[in-house]
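These are the residues of each chain, in order.
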Amino acid sequence: MDRWAAALRALLPPTLPEATWALVRGEALWAWARRTVASPEEAAARAHPMLGHVPRRLVVLVGVAGSGKSTAADTFGGRVVNLDRLRAGGVRDPEALSRGLAELDAALGAGDAVWDATSLVPSQRALPLSVGARHEALVTLVGVLARPEVAARRNRQRTRTVPDEVVRRQWGRLRWPAGHEAHALAWVDEDGGEHAHQ
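Presented here is an overview of the structure given in this document. (Residues numbered from 1 in each chain as written. Predicted model: local features only at pLDDT ≥ 70, side-chain atom pairs only at ≥ 80, totals over all residues. Heavy atoms only, no water.)

## Observations concerning the overall build of the chain
Stage number 1. Along the chain, the regular secondary structure elements total nine helices and six strands.
Stage number 2. Relative to the globule expectation of 16 Å for 198 residues, the C-alpha radius of gyration of the chain, 18 Å, shows essentially globular dimensions.
Stage number 3. Split into buried and exposed, the 198 residues of the chain put 44% on the buried side.
Stage number 4. The contacts of the chain with a sequence gap of at least 6 include a subset with a gap of at least 24, amounting to 72%.
Stage number 5. Accessible surface, the chain: about 10400 Å² in total, of which carbon and sulfur atoms supply 55%.
Stage number 6. When the 26 positive and 22 negative side-chain charges of the chain are each reduced to one mean point, those points stand 4 Å apart. (Helix = DSSP H or I, 4+ residues; strand = E, 2+ residues; numbered from the N terminus. Rg over C-alpha atoms; globule rule 2.2 N^0.38 Å. Buried < 20%, exposed > 50% of the residue type's maximum accessible area, 1.4 Å probe, protein only. Contact = heavy atoms within 4.5 Å. Areas by Shrake-Rupley, 256 points an atom, 1.4 Å probe, with all protein chains shown as cover. Lys, Arg positive; Asp, Glu negative; His and termini not counted. Charge placed at Lys NZ, Arg CZ, Asp CG, Glu CD.)

Rendered as structure tokens:
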């Protein structure tokens, strides 16, 4: 796959901004995985409309309560849409998600954005990802890694704690992001260190 991406990069202008390259690469790899392009040359031809486009950036955080998502969110730049903050009626506030997606849409209309929610499974990530797609944003999924005991301790120190049983269920449901879900993947460890993008 690295050779395929390198062949694609060689076909594009050398002055292409890094953010645009990341968008083109991600779109091309998605198309290759879906078998809608067969070669780097075909992918380069399809990329032509994106070459002058510097995309907005959307970071979608993934992790259980207490893992450090909100702390990490502030390090990525852009407007942070925090689903916990929008839950005026508590954890089960059914309108919070709608308000959050509307806020994310507005944020991406103005610039870069960070989606700060658990986003435990692909179906939960699909909603903010679809907002990002409407804005032709460069999407990075960021797994926020923390050992269960660290996340539990942090959760107990929060102003609005999540019940321990809910956090245990979150660990059971958690499916770390896969490369086909976004343009890029990154990882943040429990100390806030960012690991290599994939």
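Read on for the rest.
## Thoughts on the pairing of strand β4 (residues 138–144)
Stage number 1. Taken across its seven residues, β4 has seven buried, putting it largely inside the fold.
Stage number 2. Here β4 shows no split at all, with Leu138, Thr140, Val142 and Val144 on one side and Val139, Leu141 and Gly143 on the other all buried.
Stage number 3. Inspection of the sheet shows strand β1 (residues 57–62) paired to β4 by six bridges, in the parallel sense. Considered in β4, the bridge of Val59 is made with Thr140. (Pairing = 2+ DSSP bridges.)

## Some points on helix α6 (residues 96–110)
Residues three or four positions apart in an α-helix share a direction because the helix packs 3.6 residues into each turn.
Stage number 1. Between its first and last C-alpha atoms α6 spans 21 Å; for 15 residues at 1.5 Å apiece the expected length is 21 Å, and the two agree.
Stage number 2. The set of residues buried in α6 consists of Ala96, Gly100, Leu101, Glu103, Leu104, Ala107 and Leu108. All buried residues of α6 lie within an arc of 165° about the axis, which places them on one face of the element.
Stage number 3. Where α6 is buried, its residues meet β1, β2 (79–82), α5 (83–86), β3 (113–116) and α7 (122–134). (Expected span 1.5 Å × (residues − 1). Arc of directions from axis to C-beta.)

## Considering the pattern of salt bridges
Stage number 1. According to the stated counting rule, one finds eleven salt bridges in the structure shown.
Stage number 2. Between Glu103 and Arg79 there is a salt bridge, with the nearest N and O atoms lying 3.8 Å from each other. One end of the pair, Glu103, is in helix α6; the other, Arg79, is in strand β2, with 24 residues separating them in the sequence.
Stage number 3. Glu103 gets classed as buried once you look at its relative accessible area, which sits at 15%.
Stage number 4. Between Glu190 and Arg147 there is a salt bridge, and its shortest N-O distance comes to 2.4 Å. Taken as a pair, Glu190 in the loop between β5 (184–188) and β6 (194–195) and Arg147 in the loop between β4 and α8 (148–157) lie far apart in primary sequence, 43 residues in all.
Stage number 5. Taking the relative accessible area as the measure of exposure, Glu190 reaches 18% and is therefore buried.
Stage number 6. On the basis of relative accessibility, which here comes to 45%, the residue Arg147 falls in the partly exposed class.
Stage number 7. Shared partners join several salt bridges into a network, and the residues in it are Arg79, Arg85 and Glu103. (Salt bridge = Lys/Arg side-chain N within 4 Å of Asp/Glu carboxyl O.)

## Re α7
Stage number 1. Look at α7: 18 Å from first C-alpha to last across 13 residues, which is about the 18 Å you get at 1.5 Å a residue.
Stage number 2. The axis of α7 is deflected most strongly, by about 30°, at Pro128.
Stage number 3. The set of residues buried in α7 consists of Arg125, Pro128, Leu129, Val131 and Gly132.
Stage number 4. On its buried side, α7 packs onto β1, α6, β3 and β4.
Stage number 5. In the segment just after α7, Glu136 is the residue with positive phi, at about 55°. (Bend = angle between axes of the 7 residues up to and from the residue.)

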